[in-house]
Number of protein chains: 2
Amino acid sequence: MLAYARPLARLIGELEKLPGIGPKSAQRVAYHILRMPKSAALALAEAIAEVQEAVRFCSVCFNFSEDEVCSICRDPRRNKTTICVVAEPRDLIAIEKTGEHRGLYHVLHGVISPQDGIMPEQLRIRELLQRLDQSETAEVIVATNPTVEGDATALYLSKLLKPLGIKVTRLAHGLPLGADLDYADQATIISALQWRREM
Amino acid sequence: MLAYARPLARLIGELEKLPGIGPKSAQRVAYHILRMPKSAALALAEAIAEVQEAVRFCSVCFNFSEDEVCSICRDPRRNKTTICVVAEPRDLIAIEKTGEHRGLYHVLHGVISPQDGIMPEQLRIRELLQRLDQSETAEVIVATNPTVEGDATALYLSKLLKPLGIKVTRLAHGLPLGADLDYADQATIISALQWRREM
């Protein structure tokens, strides 16, 4: 693309590598950055460099953390008897935003998926077992996604943890709030029927 | 957002300021950056910092350029008698990609828009006049968008340039290729009628 100044072409190329950013939005973002106050552009560049330098895994729950142990694991007000197991840090954030779960977390960093070559050993499951061994955990809430891989991972964990005398629960599957039965997919309706509860 | 490590929260905050990037995609991009090889993340950070350092306006056409005069203005193969006037650098890129225009360009950096307080003096129109004065330009193609502001800017330029003996033309308005008359908006159909040509 001769018409782009070389540093602009380079930036567009780097931006296009990011998820969800196509050629058109890469161009739009690049022009925006070019016109930003210099301080704002440098703040963005620094934030990118810093995040790699300063963020690591919490040694307890494996969420991203600035410190050896993350702020949730260190928080004395959290209920230490319940651990919510999630596949990814973003799932932790989604649950944390609700304010409904006052216990701790454990991030697996993936789900079991043999066809993608992801086996239990590659997830933080060994670390979860070690953690349970040393703690007063009474319940593990498995909050993997309602997908084939999420279901398989939940089942695997349940088989592993129940013999240890730990209560293993799972997030309910069913109709999302405000959903219209008429528009819901069949799999969701089947789930909602299977998870039905007496009123 | 307590659950985010502070540098991660900072990066998400910076990313959210970019156009077209909402909270959800900012989070997605931030996690992606966190997991990139360090060299890739630094390449992105450097590209952002560099674009501000190394890109300026071409002193002839006002497109973004790495040099005092951009590669298009310096290219001896370009037709010096035709200048295509565009509102923004991205419009230049869009036309350049077609390979159809072999002349030069002039970037106004905006369109006349009294309600946004953008008057002709704030655009690179004075520079266009100076340029025409010193060159062998025979035709100016006005390639502003088919909008109220784009039309007003085209009209303003045409009134200014015609008395100088320069041919002023405008990109055609009409149905986009592959369009369905039945789905086209009324303004487009009206344009297509007004711009009709004998076959």
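Residues numbered from 1 in each chain as written. Chains lettered and ligands numbered in written order. Predicted model: local features only at pLDDT ≥ 70, side-chain atom pairs only at ≥ 80, totals over all residues. Heavy atoms only, no water.

### Side note on the overall build of chain A
Helix and strand counts for chain A come out as 8 helices and 6 strands. Scanning chain A from its N terminus toward the C terminus, one meets helices and strands in the order α-α-α-β-β-α-β-α-β-α-β-α-β-α. Taking 2.2 N^0.38 as the reference for a compact globule, 199 residues should give roughly 16 Å; the C-alpha atoms of chain A span a radius of gyration of 22 Å, well beyond that estimate. With the C-alpha coordinates aligned to their principal axes, the bounding extent of chain A is approximately 65 × 50 × 35 Å. Out of the 199 residues in chain A, the part that is buried amounts to 46%. Of all intrachain contacts in chain A linking residues separated by at least 6 positions in sequence, the fraction that spans at least 24 positions is 46%. When the accessible surface of chain A is summed, it comes to about 11,100 Å², and 54% of that surface belongs to carbon and sulfur atoms. (Helix = DSSP H or I, 4+ residues; strand = E, 2+ residues; numbered from the N terminus. Rg over C-alpha atoms; globule rule 2.2 N^0.38 Å. Buried < 20%, exposed > 50% of the residue type's maximum accessible area, 1.4 Å probe, protein only. Contact = heavy atoms within 4.5 Å. Areas by Shrake-Rupley, 256 points an atom, 1.4 Å probe, with all protein chains shown as cover.)

### What about unusual backbone geometry?
One non-glycine residue with positive phi stands out, namely His109 of chain A, at about 60°. Mapping His109 of chain A onto the fold places it in the loop between β4 (103–107) and α6 (125–133). You will see that Phe62 of chain B, though not glycine, has its phi angle at about 70°, which is positive.

### With respect to the packing of helix α3 (residues 38–54) of chain A against helix α2 (residues 23–35) of chain B
Close contact between α3 of chain A and α2 of chain B brings their axes to 9 Å; oriented N to C, the two are set at 55°. The orientation of α3 of chain A relative to α2 of chain B falls into the category oblique. For the pair α3 of chain A and α2 of chain B, the crossing hand works out as right-handed. Each of Ile48, Val51 and Gln52 of chain A in α3 of chain A lies in contact with α2 of chain B, whose residues at this interface are Ile33, Leu34 and Arg35 of chain B. (Axes fitted to C-alpha atoms, helices over the stretch in contact; angles between N-to-C directions. Parallel < 35°, antiparallel > 145°, perpendicular 65-115°, else oblique. Left-handed = near helix turned anticlockwise from the far one by under 90°.)

Just geometry here; none of it tells us what the structure is for.
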